[in-house]
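Breakdown of the fold
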Amino acid sequence: MSNARSATVSRRGLIFGALAAGALSRFPAPALAQAAGPFQLAPLPYADTALAPAISANTLGFHWGRHHRGYVDTLNRLVAGTPLAAQSLDDVVKNTAGRPEVLAIFNSAAQAWNHDFYWKSLKPNGGGMPGEALRARIDQDFGGFDRFRQEFANAALGQFGSGWAWLAVANGRLRLGRTPNAETPMIQPGVTCLLTIDVWEHAYYLDYQNRRADYVAAVIDRLLNWDFAAEQFARSRG
Ligand code: MN
């Protein structure tokens, strides 16, 4: 018992010992379950049961509660005492991208950003067709929704290993793409992300095991949040 207690104390001591004094004063009483630091894990925008059966509560529990939380906790630990601790998450991602000396910070920050964006890209009873403005642009840029749907699935299936599939606006045109690991299109000038699909195995393995295609089809057909995509699309046009 005393061993367990001292291990807990020393682990907490390490965490708090790495924090800048300023960070501590801004967050005087962090909950023990929550990492102290400038970046917060936002709640899921729906109940953890709301995406079932396409994505189970079990998957969301681990994916949001462990994986996403882990990226935020690691980010807070890595930026403690650095100027990055005072920046927005968007700025941390952009200011660390492509810099090998801060790769670990970029990975945590970009994964925190990507996951925030992924949760917003989904909604209960989503999927189906986008609204009129976006539908017209999809017809124009992809030659119809069915072709778009197939190309989005291909982007998700074609990502070898861990990564993300994206629908984005790049210099006024809709584009599909994929990124490995924590990489994200949001760092690119002239790019506004509209939707993403997480294709790391932790996003689907509990529900679909190795059947990534079934997970991707379920996300596209039943979960994509076209209202969110339309908001980002409108924002991209200023
Ligand atoms: Mn993930």
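In this text the structure is predicted, and so the values were computed from the model without any measurement.

**Focus: the packing of helix α6 (residues 132–142) against helix α10 (residues 226–236)**
In the contact formed by α6 and α10, the axes pass within 9 Å of each other and the chain directions differ by 80°. Between α6 and α10, the angle falls in the class roughly perpendicular. Here Ala133, Leu134, Arg137 and Ile138 of α6 come into contact with α10, specifically with Trp226, Ala229, Ala230 and Phe233. Across the contact of α6 with α10, the residue classes break down as 7 nonpolar, no polar and 1 charged.

**Considering the packing of aromatic side chains**
Taken as a whole and judged by the stated rule, the model has 15 aromatic pairs. With a centroid separation of 6.1 Å and 65° between ring planes, the pair formed by Phe145 and Trp226 is classed as edge-to-face. You can see Phe145 sitting in helix α7 (residues 145–158) and its partner Trp226 sitting in helix α10, a full 81 residues away along the chain. Of the residues examined, Phe145 reaches a relative accessible area of 9% and is grouped as buried. Residue class for Trp226 comes out buried when judged on its relative accessible area of 4%. Sitting above the plane of the Trp64 ring, Arg69 keeps its charged end 5.3 Å from the centroid.

**Considering the coordination of the manganese ion**
For the manganese ion, every protein donor is listed as His63 (NE2), His115 (NE2), Asp198 (OD) and His202 (NE2), and the spread of their distances is 2.0 to 2.2 Å. Taken in chain order, the donor set of the manganese ion reads H-x51-H-x82-D-x3-H. Placement of His115 in helix α5 (residues 103–121) and of Asp198 in strand β3 (residues 191–198) is noted, with a sequence separation of 83 residues between them.

**Considerations on the side chain of Asp198**
At 8.2 Å, Arg212 is the nearest oppositely charged side chain to Asp198, a buried residue that forms no salt bridge. The contacts of Asp198, once residues within four sequence positions are left out, are His63, His115, Tyr118, Gly163, Trp164, Ala203 and Tyr215.

**Side note on the pairing of β3**
Where burial is concerned, most of β3 is hidden: 8 out of the 8 residues are buried. Inspection of the sheet shows strand β1 (residues 163–170) paired to β3 by 7 bridges, in the antiparallel sense. Looking across to β3, one finds that Trp164 is bridged to Asp198.

**Let's talk about the pairing of β1**
Most of β1 is tucked away, with 8 of its 8 residues classed as buried. The two faces of β1 match: Gly163, Ala165, Leu167 and Val169 on one face and Trp164, Trp166, Ala168 and Ala170 on the other face are all buried.

**What about the confidence of the model for the protein chain?**
Averaged over all residues, the pLDDT of the protein chain is 88; the fraction at 70 or higher stands at 85%. Low confidence marks residues 1–32, where pLDDT is under 50. Its contacts with residues over four positions away, or in another chain, come to 15 contacts.

**A short note on the sheet that holds β1**
With antiparallel pairing, 3 strands are arranged side by side in an open sheet as β2-β1-β3. With partners counted over all chains shown, the strands left at the sheet margins are β2 (173–180) and β3, one partner each. Neighbour-to-neighbour, the strand axes of this sheet turn through a mean angle of 25°, independent of strand direction. Sheet strands touched by α5: β1 and β3. Its angle to β3, the strand with the most contacts, is close to 80°. The strands touched by α10 within the sheet are β1, β2 and β3, with β3 carrying the most contacts at an inclination of about 160°.

**Considering unusual backbone geometry**
In the segment running from Ala52 into Pro53, the intervening peptide bond is cis, with an omega of 5°. Of note in this structure, Asn181 is not a glycine but carries a positive phi near 55°. Tracing the sequence through the fold places Asn181 in the loop between β2 and β3. A residue is classified by how much of its surface remains accessible, and Asn181, at 44% relative accessible area, is partly exposed.

Cut-offs applied
- Residues numbered from 1 in each chain as written.
- Predicted model: local features only at pLDDT ≥ 70, side-chain atom pairs only at ≥ 80, totals over all residues.
- Heavy atoms only, no water.
- Axes fitted to C-alpha atoms, helices over the stretch in contact; angles between N-to-C directions.
- Helix = DSSP H or I, 4+ residues; strand = E, 2+ residues; numbered from the N terminus.
- Parallel < 35°, antiparallel > 145°, perpendicular 65-115°, else oblique.
- Contact = heavy atoms within 4.5 Å.
- Nonpolar A, V, L, I, M, F, W, Y, C, P; charged D, E, K, R; others polar.
- Phe/Tyr/Trp six-rings, centres within 6.5 Å; stacked < 30°, edge-to-face > 60°.
- Buried < 20%, exposed > 50% of the residue type's maximum accessible area, 1.4 Å probe, protein only.
- Lys NZ or Arg CZ within 6 Å of the ring centre and 35° of its normal.
- Donors = N, O, S within 2.8 Å, 3.2 Å for Na, K, Ca; no water.
- Lys, Arg positive; Asp, Glu negative; His and termini not counted.
- Salt bridge = Lys/Arg side-chain N within 4 Å of Asp/Glu carboxyl O.
- Pairing = 2+ DSSP bridges.
- pLDDT = per-residue confidence, 0-100.

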